[in-house]
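# Close look at the chain arrangement
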Amino acid sequence: MIRSTERIAAADVLRGFALLGILLVNMRYFSSPALYDDGVKGSDFDRVFVAVVDVLFEASAYPLFAFLFGFGAMTMFRRISSRGKRPIPILLRRFFLLLGIGMAHAFGLWFGDILIPYAVAGFIMFFLFAAPPHWWRTAAVAVFLLFHGLMVLLMALSMWTGGTKPVGGHEAEAAAAVRHYQSGTFGDVFWQRWHDWAYVNSDGGLLFTVLTVLPFCFLGGYASCKRWLEPDRHSPAKLRRLMRWALCFGLALKTIPYWAGVNDLTMYIQNSFGGAALAVFYAAAAVFVCGKRSWQRAWRWWQDVGKMSLTHYLAQSLVCTSLFYGYGLGWYGRTSAWQEMLIAFALYATQVWISRFWFARFHYGPVEWMWRWGTYGTRPPFRRRPGQ
């Protein structure tokens, strides 16, 4: 059994990998008005880069973080309970702090924040913390199938009646985003950021996002109860079989818009079902890799990044907005897809190096340390003593 202070390697490795996927997906939205105009500008080379990220990471990275969020919350609940303390007040503080961090991120750095929906999902998870494990599994399956099944049915009916049209852009909104982000003042950037956040989250958008991440949070809670990510829980043969099926099924669904045509229905199936299937593949691969002790030197790099994933997630927004917005270098709307990918990999490689350097000297990432302090109400150790 995992001790109360021991970290689960596969969870951190998966966080580290998901952080790269999130960055690659978000780069288009950091650097261009892709929120309003999803067309790919540039050469065929650029289109290939965008397609690769779309198939491999779009809608597959955030389910991993949602799964790990639920996994981490339920693991905390179990460990705090095992020490004879009351976990609910502690988790309540933790989710309120996350909500505050998410609001500061969304309105102070970048509109594409995902922390607010995670915090809201965390509050909903309070209804299940004391429930038997099978309730978590049932809730995950029920919410996923009912919500996405209803959405697919509505889109299919709309297409049948001629209401579904190919996805298009909004030229006026895209032009305003370029003008404000590329050369606007701090005030221009703030109001554009607010407009973008409202565009995504108003009219039920926030509820939609919460319902999208919620089943993965529930599944993560179930995985914690069953200790899915702990060492030696699965045979390598079983993991390889799961990886093969999830990869084949996921790629088949993720490529639907490329051979069946781009419309609301095909893109929804691609993201909601194909993204989930590929997320299963990535999760199984993380458990498989971490079961190989001889590969530890390789996966430790992912693990260190994952241990301070919240710090790195916020840092990615800070660095990228400084590069692309007018109060920084003003590159917004001026880079191609392949240049954005180079920036993303260079930034992530820097974060990998910083993580190894950081954990040789400190116990936690800086944001994780403050979050832990606020969660438990006592100051945790920060700097490592010589010999630790």
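Cut-offs used in this document
Starting from 1, residues in each chain are numbered consecutively following that chain's sequence as written. Totals for whole chains, interfaces and linings use every residue, but because this is a predicted model, local features are given only for residues with pLDDT of at least 70 and side-chain atom pairs only at 80 or more, for both listing and counting. Note that water and hydrogens are dropped before the side-chain values are worked out from all heavy atoms of the structure. Note on scores: pLDDT gives the predictor's confidence for each residue, bounded by 0 and 100. Two residues qualify as a contact provided that any one of their heavy atoms is within 4.5 Å of a heavy atom in the partner residue. What counts as an axis is a line fitted to C-alpha atoms, over the stretch in contact for a helix, and the angles between N-to-C directions run from 0 to 180 degrees. Secondary structure counts use DSSP, requiring at least four H or I residues in a row for a helix and at least two E residues in a row for a strand, with both numbered from the N terminus. Here is the rule for angles: anything less than 35 degrees is roughly parallel, anything more than 145 is roughly antiparallel, 65 through 115 is roughly perpendicular, and the remaining ranges are oblique. Handedness of a crossing follows from how the near helix is turned relative to the far one, being left-handed for an anticlockwise turn of less than a right angle and right-handed for a clockwise one. Gly is put with the polar residues, along with every residue not named as nonpolar or charged; the nonpolar set is Ala, Val, Leu, Ile, Met, Phe, Trp, Tyr, Cys and Pro, and the charged set is Asp, Glu, Lys and Arg. Each residue is assigned to one of three classes by its accessible area relative to the maximum for its type, calculated with a 1.4 Å probe on protein chains only: buried under 20%, partly exposed between the two thresholds, exposed over 50%. As used in this structure description, the phrase polar contact means that two N or O atoms lie within 3.5 Å; if the pair is within protein, one of them must be able to donate a hydrogen and the other to accept it, and residues adjacent in sequence are counted only when both atoms belong to side chains. Exposure above 30% relative accessible area and the lack of any salt bridge qualify a residue for a patch; like charges then connect within 9 Å, and the nonpolar side chains Val, Leu, Ile, Met, Phe, Trp and Tyr within 5 Å. Note on areas: Shrake-Rupley, 1.4 Å probe, and residue coverage restricted to the protein chains presented here. Each salt bridge in this description consists of a side-chain nitrogen of Lys or Arg and a carboxyl oxygen of Asp or Glu lying within 4 Å of one another. Neither His nor the chain ends is counted toward charge; the positive residues are Lys and Arg and the negative residues Asp and Glu. Throughout, a charge is located at the NZ atom of Lys, the CZ atom of Arg, the CG atom of Asp or the CD atom of Glu. For Phe, Tyr and Trp, rings pair up if their centres lie within 6.5 Å, where Trp contributes its six-membered ring, and each pair is then called stacked (planes under 30 degrees apart), edge-to-face (over 60) or tilted (otherwise). Geometrically, a charge over a ring is one whose NZ (Lys) or CZ (Arg) sits within 6 Å of the ring centre while staying within 35 degrees of the ring normal.

A separate point is the confidence of the model for the protein. The predicted model of the protein averages 91 in pLDDT, with 95% of residues at 70 or higher. pLDDT under 50 marks residues 1-5. Its contacts with residues more than four places away, or in other chains, come to 8 contacts.

Moving on to the packing of helix α1 (residues 9-31) against helix α12 (residues 264-290). At their nearest, the axes of α1 and α12 sit 9 Å apart, and the two run at 130° to each other. As the angle between them shows, α1 and α12 are arranged oblique. Two packed elements cross with a definite hand, and for α1 against α12 that hand is right-handed. Contact with α1, carried on its side by Ala9, Ala10, Val13, Leu14 and Phe17, involves Tyr282, Ala283, Ala286, Val287 and Cys290 of α12 and no other residues of that element. Partitioned by chemical class, the residues of the contact of α1 with α12 number 10 nonpolar, no polar and no charged.

On to the environment of Ile343. Tracing the chain through its elements places Ile343 in helix α15 (residues 337-359). Ile343 gets classed as buried once you look at its relative accessible area, which sits at 17%. Setting aside chain neighbours within four positions, we find Ile343 in contact with Met27, Leu323, Phe324 and Trp331.

Time to look at unusual backbone geometry. A positive phi angle, near 65°, is found at Ala59, a position not held by glycine. Here Ala59 lies in the loop between α2 (44-56) and α3 (61-82). When its relative accessible area of 6% is taken as the criterion, Ala59 is described as buried. The backbone phi angle of Asp203 is positive, close to 55°, even though this residue is not glycine. Within the secondary structure, Asp203 sits in the loop between α8 (186-201) and α9 (205-226).

Before going further, it helps to examine the environment of Trp358. Within the secondary structure, Trp358 is located in helix α15. Along the chain, Trp358 and Met308 lie 50 residues apart, while their C-alpha atoms are 9.6 Å from each other. Beyond its immediate stretch of four places on either side in the chain, Trp358 contacts Met308, Tyr364, Gly365, Pro366 and Phe382. Of the polar contacts made by the side chain of Trp358, one reaches the backbone oxygen of Tyr364; its length is 2.6 Å.

Time to look at a positive patch on the surface. Taken together, the side chains of Lys238, Arg240, Arg241 and Arg244 present a region of like positive charge at the surface. Topologically, Lys238 is positioned in helix α10 (residues 236-254).

To continue, consider the packing of aromatic side chains. The geometry of an aromatic ring pair is captured by two quantities: the separation of the ring centres and the angle between the planes. Within the structure shown, the criterion is met by 41 aromatic pairs. Ring geometry for Tyr181 versus Tyr325: centroids 4.3 Å apart, planes at 10°, classification stacked. You can see Tyr181 sitting in helix α7 (residues 171-183) and its partner Tyr325 sitting in the loop between α14 (309-324) and α15, a full 144 residues away along the chain. Residue classification places Tyr181 among the buried residues on the basis of a relative accessible area of 1%. Aromatic ring contacts, followed pair by pair, group Phe69, Phe77, Phe95, Phe96, Tyr118, Phe123, Phe126, Phe129, Trp136 and Phe218 into a single cluster. Taking NZ or CZ as reference, Arg94 lies 3.7 Å from the ring centre of Trp371, over its face. Stacked on the ring of Trp301, the Lys or Arg Arg356 has its end atom at 4.7 Å from the ring centre.

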